[in-house]
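Fold and geometry: a report
Residues per chain are reported as follows:
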Amino acid sequence: MDRDQMSNEENYHFDVTGFLHVPGVLNPGEVARLNAILDETGSDDAILSLPEGQREPFRELLIHPQLVWYLNQITGQGFNLDRLPELIGSDPRSLDQALEGGAEPRDSGTAYFFKNGRRHCEGVRAIWALSDVSENAGGFVLVPHTHKANVEIPEDVLSGSDDLGLTRQIALKEGDLLLVGLSIAQGALAWKQKPAPRLLSFEYVGRGVIRSTGTGPITTSMPRPDWHADLTEEQRATQHQPGYRDTTPPPTLITDGKTTRTDPTVPRFHPSIYCRDANSAIDEKEFFFWDLCGYLVLRNVMNEAWLGEANDAIDVLEDQIVVGTDTSGGHTSLAGTGRPELRQLLSLPEPYCNPFRRMIAHPVVEHRLNWMGGSGVRTGNPSLFASVKGTSGHKLHTNGEPINPSRQYVFQNGRSYCEAITATWQLRDVNEEDGGFCCVPGSHKANYQVPPGVQSLDEPMGLVKHIDMKAGDVLFFADGANCHGTYPWKGELSRRGVLIKYSSRTFNRSGGDLVYPQNRWGDVVEGMTDAQLAVMRGPDRDNFGRNVPRLDVADGEVTVNYERGGGLYSADTPTGPLAGR
Ligand SMILES: [Fe+2]
């Protein structure tokens, strides 16, 4: 490798999706050699133990320098082969089964760990493409982002009966390498492409991980000393050594605090103080999807009559639409004209305000806001975005990294804590060819910075998704954590989306009268210095620590820093000293 470490693009992709496609690792000659041996031997497995003269190319794959280079960074040095390599689909019984994987409940032996810039994906499947695999060819499939799923994957997604549009099959070329975290939900479908492509899969785990047994003759049964014969079944269960077939998986001890018993029918027992709440009135597929992707679409919230009323109001008020600034951020792939908006929808004259006021405190929306971020959210007077053909796109913005607490997505003990949510009501259909809203699903949990090419849509890396919607749908997105923006508008009809932004109970979103020390504290602040005033201000919109007065200390002196970063949302932040003015 001609570089020290994976690029931010590669880290971002693996972190957000749980997989990484590395094209062209093997050259055509190497692929042809591997295929010729497979043709010759007809061997589907045991390829590492083929006769001398045939096994060498497969043994080289086991420790291919590029693979090792990636696994050292993704899993950590000291990784091991967990299972002998196999051609995906060579055992027909493995096809069209429910997918396996997902991070809830957690399996530490395959899990994705990330802390303070250090990553350990404890299980990784390395798939070598020995044939081209077209999209929708069947074969290996996965559900992106599920290495970070906090919510159990619904059975319908695993079985494929209702995959919520999430399951993917990755198109590959001969010689490509696909690295997939083993905590990602994955499986194999019957091949549709004929002849069946050859995908050769090796499963690796981090050092020390106990997952599978080997094939050596002594792995059959754990040898026990004579004194084990005097132990009870429960006592023997605690005295097992890993790595043998009769101890992998280990025996389960069922406990209730008073008794212990073994139960071979229970693969794992891990009690919790929390119970799933069947009376929460939360649709569990919605909850899973929101946690996984950072956005959610509710269908048909508005009926025809309501839609008609809202669209009629806009037809009448069309001349009040104001064209704002171009939101392309200067990127040619997003270029176009300024964004047209109709503002202050709730205070329009009667009867035009009525269809928009119905959107406020709507039970269908409020219930989602409550489970997404907790009660106490507030909003303001929303705008209609009315992009016309040629209106610019919006540069993609926000992401899980860098962290900004006032906009973050956190999941803890069964609850979603999302501090900033936008609900967009669609008054017209939005199809992919029209442009409009797009996002990077899963980016609300990103641990790496969003690559510039993704933000500009110049290099979307297959990560950016357009969200198709129908008139009457409502889109929710974690607007401060999920990387999102818009494609330039290309539709013949104008876009009509009502954006209602909600702030959590915990953080201020934009200035206000009570930001000023005098307003907040009255006479208490009289005569204070600038440094003192800086800490007497009310809650303000802070943009990554750069847009509020803050204190610096140097050589024992405290000074106020008023320097501003970009993206200021509050007009109530001072730009310089105030004392005495
Ligand atoms: Fe935004």
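Above this text sits the structure in question.
Structural notes, computed from the coordinates. (Residues numbered from 1 in each chain as written. Predicted model: local features only at pLDDT ≥ 70, side-chain atom pairs only at ≥ 80, totals over all residues. Heavy atoms only, no water.)

**Observations concerning the coordination of the iron ion**
Within the first shell, the iron ion binds the protein through His397 (NE2) and His484 (NE2), at distances of 2.2 Å. One end of the pair, His397, is in strand β16 (residues 394-397); the other, His484, is in strand β23 (residues 484-487), and 87 residues separate them in sequence. His397 sits in the partly exposed class, given a relative accessible area of 26%. (Donors = N, O, S within 2.8 Å, 3.2 Å for Na, K, Ca; no water. Helix = DSSP H or I, 4+ residues; strand = E, 2+ residues; numbered from the N terminus. Buried < 20%, exposed > 50% of the residue type's maximum accessible area, 1.4 Å probe, protein only.)

**Points about the pairing of strand β5 (residues 123-129)**
By the criterion of burial, β5 is predominantly enclosed, with seven of the seven residues buried. Every second residue of β5 is oriented toward a common face, with Gly123, Arg125, Ile127 and Ala129 on one face and Val124, Ala126 and Trp128 on the other, all of them buried. Looking at chain direction, β5 and strand β9 (residues 199-205) are connected through seven bridges and run antiparallel. Within the sheet, the bridge partner assigned to Val124 lies in β9 and is Tyr204. Note: β5 against strand β7 (residues 177-181), five bridges, orientation antiparallel. Across the sheet, Ile127 pairs through a bridge with Leu178, a residue of β7. (Pairing = 2+ DSSP bridges.)

**Things to note about the pattern of salt bridges**
Counted by the stated rule, this structure contains 26 salt bridges. In this structure, Arg83 and Glu203 form a salt bridge, with 3.8 Å as the shortest nitrogen-oxygen distance. Of this pair, Arg83 sits in strand β2 (residues 80-87) while Glu203 sits in strand β9, and the two are 120 residues apart along the sequence. Between Glu318 and Arg496 there is a salt bridge; the shortest N-O distance is 3.9 Å. With Glu318 in the loop between α8 (304-316) and β13 (322-323) and Arg496 in the loop between β23 and β24 (497-503), this pair connects stretches of sequence that are 178 residues apart. A relative accessible area of 39% places Glu318 in the partly exposed class. Given a relative accessible area of 3%, Arg496 falls into the buried group. Shared partners join several salt bridges into a network, and the residues in it are Asp82, Arg83, Arg125, Glu203 and Arg211. (Salt bridge = Lys/Arg side-chain N within 4 Å of Asp/Glu carboxyl O.)

**Focus: the environment of Phe140**
Tracing the sequence through the fold places Phe140 in strand β6 (residues 139-143). Sequence separation between Phe140 and Arg168 is 28 residues; the distance between their C-alpha atoms is 8.7 Å. Residue contacts for Phe140: discarding those within four places in its chain leaves Ile88, Arg125, Ile127, Arg168, Gln169, Leu178, Val180, Gln186, Gly187, Ala188, Trp191 and Leu199. (Contact = heavy atoms within 4.5 Å.)

**Thoughts on the sheet that holds strand β19 (residues 420-426)**
Pairing within the open sheet is antiparallel, and its seven strands lie in the order β12-β22-β19-β24-β15-β14-β13. Where the open sheet ends on each side, the last strands, each with one partner, are β12 (295-298) and β13. Pairing of strand β14 (residues 340-342) with strand β15 (residues 383-385), which is carried by two bridges, proceeds in the antiparallel orientation. From the neighbouring strand, Glu341 faces β15, where its bridge partner is Phe385. Sitting on the sheet, helix α7 (residues 284-293) is in contact with β12, β19 and β22 (474-477), with an inclination near 145° to β12. (Axes fitted to C-alpha atoms, helices over the stretch in contact; angles between N-to-C directions.)

**Describing the sheet that holds β5**
Strand order in the open sheet formed by five strands is β1-β7-β5-β9-β2, and the pairing between neighbours is antiparallel. Edge positions in the open sheet fall to β1 (19-22) and β2, since each of these has one partner strand only. Going from strand to strand, the sheet's axes swing by 15° on average, the running direction of each strand aside. With five bridges joining them, β2 and β9 adopt antiparallel strand pairing. Across the sheet, Leu87 pairs through a bridge with Leu200, a residue of β9. The sheet strands contacting helix α1 (residues 8-17) are β1 and β7, and the helix crosses β1 at an angle near 140°.

**Considering the side chain of Asp540**
By the secondary structure assignment, Asp540 is in the loop between α13 (530-534) and β25 (550-554). Take Asp540: its relative accessible area is 11%, and that puts it in the buried class. Separated by 2.6 Å, the side chains of Asp540 and Thr573 make a polar contact. Sequence-distant contacts of Asp540, that is, excluding residues within four places in its chain, are made with Asn508, Ser510, Gly511, Val515, Val548, Ser570, Asp572 and Thr573. (Polar contact = N/O pair within 3.5 Å; in protein donor to acceptor, adjacent residues only side chain to side chain.)

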